[in-house]
Amino acid sequence: MPSLTIDGTQATVESGSTVLDAAKKLGIEIPTLCHHEHLLPYGACRLCTVEITQRGATRLQAACAYPAEEGISVRTNSSRILKGRKLMMHFLLSRCPDVPAVRKKAAEFGITRPRFAPKNEKCILCGMCVRVCNEVLGASAIGFADRGIFRRVEPAFAQPSEACLGCGACTFVCPTGHIQMESQTRDFWRDKLGAEQRQCRYARMGLVAHKVCPRSFQCQKCEVDQAMEETLKTHPAFVARPVERKLPVTIEEFTVMPQLYFAKNHLWLKRLDGKVKVGIDDFARKVISRVDDIVMPSAGDTLSRGEAVWELRSGGRTLSLRTPLGGRLIDVNTDLLTDPSLATKDPYYRGWLALVWPREEEWRETAGRLQSGRAAEDWFASEAERLYHWSEPAGKAMAADGGRLIPDLPGKLSETQWKALTGAFFADV
Amino acid sequence: MKIRTMNDLYAARQAGIASLYPAKTKFTVSTATCGLATGARPVLDAVKEEARALGADLIVSQAGCIGFCEVEPVVLVYCAPGLTLVYKEMNAEKARELVREIMKGNAKSEWALCKILVNGTTDGKPAGPSRETARWLELASGIPAIEDVGFYRKQMKIALRNCGFIDPNNIEEYIARGGYTTLHKVLSQMPPERVIGEIKESGLRGRGGAGFPTGMKWEFCRKAPGDEKFIICNADEGDPGAYMDRSILEGDPHSVLEGMIMGAFAIGASQGIIYVRNEYPLAIENLTTAIRTAEARGLLGRDILGSGFSFAIKLSRGAGAFVCGEETSLMASVEGRTGEPRQRPPFPAQKGLWSKPTNINNVETWANVPEILARGGKWYAGIGSEKSKGTKVFSVVGKVKNTGLVEVPMGISLREIVFDIGGGILDGRKFKAVQTGGPSGGCIPERLLDVPVDYEKLTETGAIMGSGGMIVMDDRTCMVDVARYFLDFLKEESCGKCVPCREGIHRMLELLENICQGKGAEGDIELLEDIGAAVKDFSLCALGGTSPNPVLTTIKYFRNEYEAHIKDHKCPAGVCRALISYSISKEKCTGCGACVKVCPAEAISGEKKKPHALSPAKCIKCGACEETCKFGAVLVT
Ligand SMILES: Cc1cc2nc3c(=O)[nH]c(=O)nc-3n(C[C@H](O)[C@H](O)[C@H](O)COP(=O)(O)O)c2cc1C
Ligand code: SF4
Ligand code: SF4
Ligand code: FES
């Protein structure tokens, strides 16, 4: 646990804390505008700038993003800082002179009138909407466009994106009221979908299982919705998936990615506007240890569900994998051809196998069999259990210390044992 | 054939020597981007055609840029063992004639820039001078030696050691000049810690701008926990007008590859990435060839030089935004995310590309590495000033006589660069300022010209070393306009993420535009200083952090010019259109009428041979009359 000094007072905080967290713990107030406790550090408004002295050098840094490191000394209120913060506030008020939240914040700095030629913007570009959509919901339906003074949040609000869940978390976090996409998105969904396909926003957020909205997305008329909002006292998005849960979780020794779907044969799937990326999960990676050769279908092929299409080779053993999803194979990861070990080095990112374009019905049918979120974690736990206790015929070889998988399994099992193992864990889709 | 042993390297080197210093006459045309822009392609074609027409037994090859871009297209003629003659300002016609003359045994001294004599030994260098050499030296006696040409006299080539002298697509020529030989030594005899030790001892600092000690950076990355690490070469080079990195990549790509392999070995990385801007097609082409050849020869990829060490390099193309050169946004861009900077720490050495420990260095930094390891850290540390070691490449542009790429030992003064190497100011004008450090660098005035090229000393002036852009300005430059110009560039390049940079640049620009239009107000200068200080302090990345430099240094050194704009509504340099007016001097005007013809607004009238008059009401202040008048009769006030 690192300990540091803030304005002369010593504080010991949990590792992983930021300077802002530490200051809060000491009751020292630092102004913030783009910080949100459930979102990752961002550092855009710079109102929280403080002086940090480390190994004799003093630099100005954003408290909300700077890690509380051992031995640093922080000053939160030198005249240099106060002067700079005030100017930042001037910049913001001159940008958004009519936004109540900005005026209120400016008033805290004793600023009542814009100092520069006033603009008529509503958005302070704090990025909360984009971040909640991206980090918490994993939907990435909105982002920033353009650079510098022309930067803005997109997509154009009149054109909701298909990736949008209509959950309204962006509206909820926006401090200025600039984002007003909720109702329009709902209209979009309502017009687009038949009555029986209108999925409740809680279902889309992954909070409840499939639930069809009986009210044409008029959430304000829905008792469940109203009750939810009241009891939660925050946006359901944060309750369903607080940001900690969005980080990878380790189940036994296996890393589970929160935003991915998992198939029974230990492949992950990720939907990217209609297309689906596929790769091996951490369970498969640990079992196969290190891929040294790979056989893949070519881009352009049509895959049908259950077809055996990939062969991963490791130390003379082969793991054959079926595709859990049918569709056109529109891209394969050619990096694997030069470096097959990428599949095991970085299975969730650069080691992906294929990009498949399924028809909508195909995806819906497949999606029903996949696991994600908490269900996936439970499933990983049971798979781990099953593996550690899988006594026949190779139990001894695997139950190394405390149930951990011993390294280089393919090299240690006989051909028969390997066949039995892959049959038990990788055959089913 | 793969190179695995010292003997294999030796064989490759012999082949390289044979093509570098052949027994026949060799014509080499500099066909880097800068050469091609001035017409090197037709020159190359002409040399080939003429050789064919004459049935002459000569070799025609291509190379990168020798730095003196002002006098391109350049042709190098290797005419006798150890002797190369360099010809400047070629065109197709001159090139044809040159081929004829050389084959006749004429040195064509009046077209030559200089001669280069290499006193070779037999090992790795051309054979010593022969009688043929003596004969040609006699013929070329009127041509100055390269050491005596002002542009080159004070230069010292380390990073650019091979540029312009080897065929970038011929790996053997690189090996002939010592390339990959040191790599063999490193992989077979030096433990990684010693490699890092040498780099630390050399005092090499990052050439990409910030000047962080390279050896220390490598050490952090080596010590960072992680089973997979990355090496990145930053070849984004977004500074407008700067092309040091491009020239190295085009003229000597293997020096960068070799440096990266050495770095990877020292750090324990298995994958390297060169992030190169898409606007550099020739650099990409030459790099691609170099990577492929190095792989084919076993110098890159699995089991390099039979040492068991494996390392692969991939190219990643930059999207062209200036901010993508910043290391954290560069890595975001490689990962396929928006190129936006993020908070450091975590530094790349802790959490870089794909969250793995990553070491990122600039092209020029990498190109220095093989030479340092070949000659030792101590040798390198012997060059330069106390805290800035070695050499630095600058692209000198603007109002100097000799524009081009220069590599100088650290510690040399700016005055020497501008006046001795650069040859002084064009058209006999007066020097006013030199801007170092690219768009967010600072302007240094005449009285500080003796400041040495040194990271700390340049920072003290308010400017920065930056990556090597250097713009020389003469007395016709308005410093307020200069500040406005650079901020206008930065306005479009700020990513817009953080408030100080996005809003601050915008507001400073607003003020500067007003001042240039004569709408400046009392207190504007102080406000600019306040904004500048806060933007420097509060910005998230160095783009914002350095963006006020052009404003703050011009205020610091040319405050009276700002005051003239604001208080007297005058632009002393005669640049800001809103603040100047044109008139015609009765005394000087000869009534030739030249100005009447060029004035697009028909604002000038007068009888032939009598003084003309200019109507201020009609004048649109385009300045065409002033440019045209041979008698200096058009006055700007
Ligand atoms: C706005 C901005 C642009 C930059 N552009 C470049 C660039 O084009 N090339 C480069 O090597 N470094 C550039 N840098 C510096 C890099 O962030 C980084 O410090 C450098 O690549 C490290 O290599 P070095 O230690 O060898 O200099 C830039 C930095 C900033 C803030
Ligand atoms: S729309 Fe709102 S939440 Fe999004 S960046 Fe703008 S002010 Fe922040
Ligand atoms: S300083 Fe400028 S370029 Fe850097 S993060 Fe901030 S807005 Fe982006
Ligand atoms: S709250 Fe830290 S930068 Fe905005």
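Residues numbered from 1 in each chain as written. Chains lettered and ligands numbered in written order. Predicted model: local features only at pLDDT ≥ 70, side-chain atom pairs only at ≥ 80, totals over all residues. Heavy atoms only, no water.

A. Molecular detail of the sheet that holds strand β15 (residues 308-314) of chain A. Residue and element names in this part refer to chain A. Strand order in the open sheet made by the 3 strands is β13-β15-β16, with antiparallel pairing throughout. With one partner strand each, in any of the chains shown, β13 (293-295) and β16 (317-322) form the two edges of the open sheet. Between one strand and the next, the sheet's axes are offset by a mean angle of 15°, whatever the strand orientation. Bridging between β15 and β16 involves 6 bridges; their strand directions are antiparallel. Pairing of Ser314 across the sheet is with Arg317, part of β16. (Pairing = 2+ DSSP bridges. Helix = DSSP H or I, 4+ residues; strand = E, 2+ residues; numbered from the N terminus. Axes fitted to C-alpha atoms, helices over the stretch in contact; angles between N-to-C directions.)

B. Main features of unusual backbone geometry. A cis geometry characterises the amide bond from Glu72(B) onward to Pro73(B), with omega recorded as -5°. Within the element layout of this structure, Pro73(B) appears in the loop between β2 (58-63) and β3 (75-80). Not every positive phi belongs to a glycine, and Ser289(A) is a case in point at roughly 65°. In this structure, Ser289(A) sits in the loop between α11 (282-288) and β13. With relative accessibility at 26%, the residue Ser289(A) sits in the partly exposed group. For Tyr180(B), which is not glycine, the phi dihedral falls at a positive 60°. (Buried < 20%, exposed > 50% of the residue type's maximum accessible area, 1.4 Å probe, protein only.)

C. Structural detail: the domain arrangement of chain B. Residues and elements named next belong to chain B. Each domain of chain B was delimited in the assignment, giving domain 1 (18-149), domain 2 (171-380), domain 3 (391-474), domain 4 (479-568) and domain 5 (581-636). Relative placement of domain 2 and domain 4: their C-alpha centres are 35 Å apart. Residue-level contacts link 10 residues of domain 2 with 8 residues of domain 4. Summed over both sides, the interface between domain 2 and domain 4 buries roughly 760 Å², with carbon and sulfur atoms accounting for 76% of that surface. In terms of surface lost to domain 4, no three residues of domain 2 exceed Phe322, Val323 and Pro341, which account for 54% of the buried area on that side. At the boundary of domain 2 and domain 4, one finds 0 salt bridges. At the surface where domain 2 touches domain 4, the tally comes to 2 residue pairs in polar contact (both at pLDDT 80 or more). Broken down by class, the residue content of the side of domain 2 that touches domain 4 amounts to 5 nonpolar, 2 polar and 3 charged. (Domains from an automatic or database assignment. Contact = heavy atoms within 4.5 Å. Buried area = accessible area lost by both parts, 1.4 Å probe. Salt bridge = Lys/Arg side-chain N within 4 Å of Asp/Glu carboxyl O. Polar contact = N/O pair within 3.5 Å; in protein donor to acceptor, adjacent residues only side chain to side chain. Nonpolar A, V, L, I, M, F, W, Y, C, P; charged D, E, K, R; others polar.)

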